[in-house]
Each structure stands twice: as C-alpha cells, then as structure tokens.
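# Summary of the model geometry
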Amino acid sequence: MKVRNKKSKTLITVTTLVVVSLVVSQRIYTVASSKSSPRVRLRATLETTAEDASTTLSESGEAVTLEELTDLQELQQEVLPAGRVDSTPKGFGSSAEEVQQLGGSSEQQGLRQEADPLTASLDGQTETAAEEVPLAEQQQSQQQGQGVEEQQLTDTAAEQQQPTTGKLGTQPQRHSGLEGNPSDSQLQQSPNDSTSSGSKQGTEESAQQPRLLLRYSACTGLINQYYSHLSAFSLAAVLGADLVLARGLCRDSFNHHFSMKREENEVLWSAAPPGLLLDVDGITAAWAAQGMRVLQPPAGAPLPDMAVPAVAFPAYTQPGSDPRLVARLEGLYLKPRELPELAEQAKQAAASAVEAAKRQDPALQPSLVLLDLPCTMFAVRTNSSLPLVGRVAQSLPFSPAVQSLADRIVQQLTQGGALPFNGAHLRLETDAHDWQRIMRGPGIYWRLHIEAMQEAAFSNSTQLYVACGLLSYGAVVDWNRTTHSILSKGLASAVRSKEDFLSQEELGALNSEQKALLDLLVLARAQRFVGFGASSFSFFLREYRALKYGLPKASTVLVDASRVGTDAMFAQAAVLAPPDS
C-alpha cells in the first residue's frame, strides 16, 4: 500500500508495519511497508431479500410482516438505494489482515471462520419508526433523571485528557470477568509509543497526520442503544480513533403501539443525556487509559431523523472541524460486517475525504477528519471478534446512579444475600403486541413463557422478580392476572417488581429506558432467568450475565421465537461471551 506525499511528491516507505490498536492519536496516513503481506480480499456485501426478513430488531416489539415489506422497501429506496456500498480506493492505514490481529483470530478462540448468511435484515435500509422530536422537547428531556448534564465539547476540554498506557478491562471494580482472558487480550503497543517499531522519519510524519474522530447515532430502546455503542466503540478500538458518545433516547410510554409505518406508529422518542444510562466518567477514564478520547456532543445538539436509523447520521456541527473533511459510512444499520472489513472501509472513506479536500485546496493541512456513521446497531459481527468485543463491552459500564438503585433492590429482595431469586422478562406491554400476533396470539405467547419457566425449574420455593412495563402505565388488572397465573402454576413463592421496592417519587424521576436498565441490573443477578428469544433485552441479559458475573448461559432459558426471525441476526451480532465450557 502506498500513500502519496503531496509536498515532496515522493514515495516514503517504512520498514515495519504498525498494527492499528487503541492508540494515543489517530494515524490517518499510515505509511505501510512495500513488503507487507497481500491485502485481504474484502468479503462481498451480503445480499438479503424481503423474504429473508420478518422483523426489525429491538426489544420494543418492532415487528413487520412479509406483507408490509413491499411498502417498506419502496420507502427505503426513496432514502437510499438498496445495496449501496462505499467503494473508495484502498491505501488508508493498515490492511484488513493486519487489523484482524487486534480481535484475535477465530481459530484461536475456537470459533468458526465463516458466519452463516444473514437472513434477518431487510435489503437496503430497514427502518425503525419514531417521530422526530422538536429541539425544544429535546432540550427539555436533557433535564430529566439524575440531573446529569452534557458537557460542551471544545478543543481545550478535549486536550485536557492526558493519554496513559493500559489495557481495557483492567479495572476490577468496573470490568469484572476479564481477568481470565487469554494472552491475545493484550493490546498492541501504540504507534506513538517511543518503543514501538518505525523509523524516525515515520514518527515525524505521524505527528503531522490528522486525528480521526468517529461520530454515530444510537437508536430506539435501552439495549438497542447499547449495541449501537458497542459497534461504534469496537470500530474506534480497531482504528485507534477518538469518539463522540451518541446521545441517549427514551420513549414516551410502553402503552403506545409501535409500527414501522409513520401513519400507524404512536411511540415518540426524545433525546436524553448519555449519562442517564451509561457511566460516562468510567467510560471516559477507561478509554483515556488507552490514549483515546471519548467526547460528548455539543449541548443542545439536534437529533437526526430517528424514524430512519439507516441514514440517521449526526446532525450537528462539530466544534473545531472542517466541513470539507467529513467521511460517511453507509449501509451499517442491521447489516453486520466483519470488524476488519468495516475498519478497512472506514479508512478508505476517510482517505477519500482528505484527498477530495486537498484537490480543492492543495495547501490544506488537515488536523481532524470526522468519520460519521448512522445508527450502528448490529453493525459488527461480534461472534467472530469475541475477545475484542467482550473487552469493549466491559469498558461500557452502566449508570452508577441506576446501579445503586438496583443494588438496593437486590439487597432487600435477597435479605442481604440470604435468599435466592429467579428472574423473568415479560414483554406484555402494548408496544409489544405485534410479537403476540406473530407468535399466533396472546394465549400461545403466554403458554410459551410458562413452559420456559417450567424448563428453567422455577418453583414455589423461590421468589420471582419480573421485569415488565405494565405498571408503568397503570395496567394493574393485566399485572394481577399475570402474577396470579404464575403463582397458581407453582412457579414462584412470590412475584416481585421494582414497584415493590421504590417509591413513586423515585420511579417518577426515571425515564423509560432507565426503568428498563434498573430491571436489567436486578435480573443480571438472578439464579435463573427466562426471557423472550426475539427481544434484544432478553438476549443481551443472557450474554451480560455470563460476561459480568460468570453465570453459565444455561442458566438462561429463552422462549423459542424463531417465527419472529431474529435468531440469525442475534447469533451474528449480539453475542458477547463464548459458549459455556
């Protein structure tokens, strides 16, 4: 791979390849060895059809039938042509083969080299409907919750973070479960480290290279937002890029019908500071230890149109950036790719942006290049990059304020750890009714949950904590009917929920996704857990319990939801921990 130096108009070579890792500063024009290994052929973009897909993938029950797909695809084609793939030229940083070393090979981890064909995403760009929120409402939503305010992004504030050395996942209190990782979890040396390989000439040139700043959007519910963060941070880890943390979202109610068609959808999404769901300080510190900066968007930054996540690129002006130096990657939403392939395409896009800007202004000396992504939910095949993706997940802890409330509930529920409890995630709310329809009616839907509890060996000797949003909108009759059914079948000694432990004032201070997070953090410590197989919330809990607490995946029983059509997608892009040994 050769990079043209426009000042000297000569070709510069460096004798040793520098592996891209979590670096102190982004090396955009990386000088590669003329004797480097052949470039890995990028795998062709997966082609999917309407027949392959039967749902969108979120815990709020955003399902779509095959009859509805024709209308959806017509709308998608108006926004972005189906199958559009970035085709910028090669020659930006390290090769995909070199990048792949960062995640550890699939062979080393006992994983298969080839993933199954993608069968659960729509051709083109699958849409998730939500009404765009006026800026005034967005600003109002930023004042909700625990009073966490977004930090104004300035170059001065950004430079205050001093890079240090370290490894992701070495903070025991935040990142438990990483201690047992194999030796390939050791991250590569930073290219800016004085002990790293490379000539003096290469070091001097890297100091003049612009930084890469990755921006992205997170979409819909709690766990779909988390998977959006996970994909973006995993890509940033491979690129060594700085990153702007996407804004959070919350829904107005679980009692509103969700539809992918704007005219039928009732759910409204509002912006919220990311600190309401994530430990922003902890995340910033963990990544600063790798020499990478995690920033926040400017205060009051508008949301993109979240009704079309596939093209929901950041819609705000980045302080200190040059509008000519913005690269975009398209076709990421619900389109999982191998991480090295995605990194290669990102470098190509950034290189093209710089080249185009220099054609307009040959004297340009770029210091910052923006890499903008739309919603990155399930953009990365996690199953083939588990060592790296698992460490990234451990570096994204949840909100300490919500964790504290969950700790209090578990303390009372278990009487200080003396009593065990089981857990269940029951998606019975109005916004998930499409799942019941797909599963052939509410009667069969509920029977499958009862059978899953029986398979998990729930009994009347152990209490049951249930995550459900029925009481959040006053559906007391439905809740009482549900608890009676569980108790009458001998599946619990008592049925408990967050409403039994927190006051109305405390619950009222939490938005919809904070309440979901509260339930998740309690359920993560249940001795056994039952959830719905098509729910990203339930699937994530199985992975999180294994990653965070070392609980076997066999302690989770998921209702067979293969009719919904999410199994293939989850198997590729939602796995965070290896199978039980």
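A few points on the structure. (Residues numbered from 1 in each chain as written. Predicted model: local features only at pLDDT ≥ 70, side-chain atom pairs only at ≥ 80, totals over all residues. Heavy atoms only, no water.)

Here the focus is the overall build of the protein chain. The helix and strand inventory of the protein chain stands at 17 helices and 14 strands. For the protein chain, the proportion of its 581 residues judged to be buried stands at 60%. A separation of at least 24 residues holds for 82% of the contacts in the protein chain among residues at least 6 apart in sequence. For the protein chain, the accessible surface area stands at approximately 22800 Å², while carbon and sulfur atoms represent 49% of it. (Helix = DSSP H or I, 4+ residues; strand = E, 2+ residues; numbered from the N terminus. Buried < 20%, exposed > 50% of the residue type's maximum accessible area, 1.4 Å probe, protein only. Contact = heavy atoms within 4.5 Å. Areas by Shrake-Rupley, 256 points an atom, 1.4 Å probe, with all protein chains shown as cover.)

Let us now look at the state of the cysteines. Applying the stated criterion to the full structure yields 1 disulfide. Residue cysteine 219 pairs covalently with cysteine 375 via a disulfide, S to S 2.1 Å. What sets the handedness of the cysteine 219 and cysteine 375 disulfide is the S-S torsion sign, and at about -50° it is left-handed. Placement of the pair is cysteine 219 in the loop between strand E3 (211–217) and helix H6 (222–239) and cysteine 375 in strand E9 (residues 368–375), with a sequence separation of 156 residues. (Disulfide = S-S within 2.5 Å.)

Turning next to the environment of threonine 462. One can find threonine 462 in the loop between helix H12 (442–455) and strand E11 (463–467). Separated by 31 residues in sequence, threonine 462 and serine 493 have C-alpha atoms that sit 5.3 Å apart.

Our focus in this paragraph is the packing of helix H15 (residues 512–523) against helix H16 (residues 536–549). The geometry of H15 relative to H16 is characterised by a closest axis approach of 10 Å and an angle of 40° between their N-to-C directions. Regarding the angle of H15 to H16, the classification is oblique. In this structure, H15 meets H16 at a crossing whose hand is right-handed. Judged by residue contacts, Ala516, Leu520, Leu521 and Leu523 of H15 engage Phe537, Phe540, Leu541, Tyr544 and Arg545 from H16. Looking at side-chain class alone, the contact of H15 with H16 contains 8 nonpolar, no polar and 1 charged residues. (Axes fitted to C-alpha atoms, helices over the stretch in contact; angles between N-to-C directions. Parallel < 35°, antiparallel > 145°, perpendicular 65-115°, else oblique. Left-handed = near helix turned anticlockwise from the far one by under 90°. Nonpolar A, V, L, I, M, F, W, Y, C, P; charged D, E, K, R; others polar.)

Another point: unusual backbone geometry. Positive phi values are uncommon outside glycine, yet phenylalanine 378 reaches one of about 55°. One can find phenylalanine 378 in the loop between E9 and helix H9 (386–394). Positive phi is not limited to glycine here, since arginine 440 has a value of about 75°. Relative accessible area serves as the criterion here: at 54%, arginine 440 is assigned to the exposed category.

Taken in spatial order, the 5 strands make up an open sheet running E12-E11-E10-E13-E14, and their pairing is parallel. Strand pairing shows two members of the sheet lacking a second neighbour, strand E12 (495–496) and strand E14 (556–559), which therefore form its edges. Pairing geometry for strand E13 (residues 529–532) and E14, over 4 bridges, is parallel. Within E14, the position partnered with phenylalanine 529 by the bridge is threonine 556. (Pairing = 2+ DSSP bridges.)

If you trace the 5 strands from one edge of the open sheet to the other, you get E7-E4-E3-E9-E8, paired in parallel fashion. Lying at the two open borders of the sheet, with one neighbouring strand each, are strand E7 (294–295) and strand E8 (326–328). In the packing of helix H8 (residues 339–360) onto the sheet, contacts are made with E3, E8 and E9, and the angle to E8 comes to roughly 145°.

When the charged atoms of two side chains lie near each other, side chains of opposite charge can form a pair. Counted by the stated rule, this structure contains 20 salt bridges. Aspartate 431 is the partner of arginine 251 in a salt bridge, and the nearest nitrogen-oxygen pair spans 3.1 Å. On the criterion of sequence distance, the pair formed by arginine 251 in strand E5 (residues 248–251) and aspartate 431 in the loop between strand E10 (421–425) and helix H11 (433–438) is long-range, its members being 180 residues apart. Accessibility classification places arginine 251 together with aspartate 431 in one group, the buried group. (Salt bridge = Lys/Arg side-chain N within 4 Å of Asp/Glu carboxyl O.)

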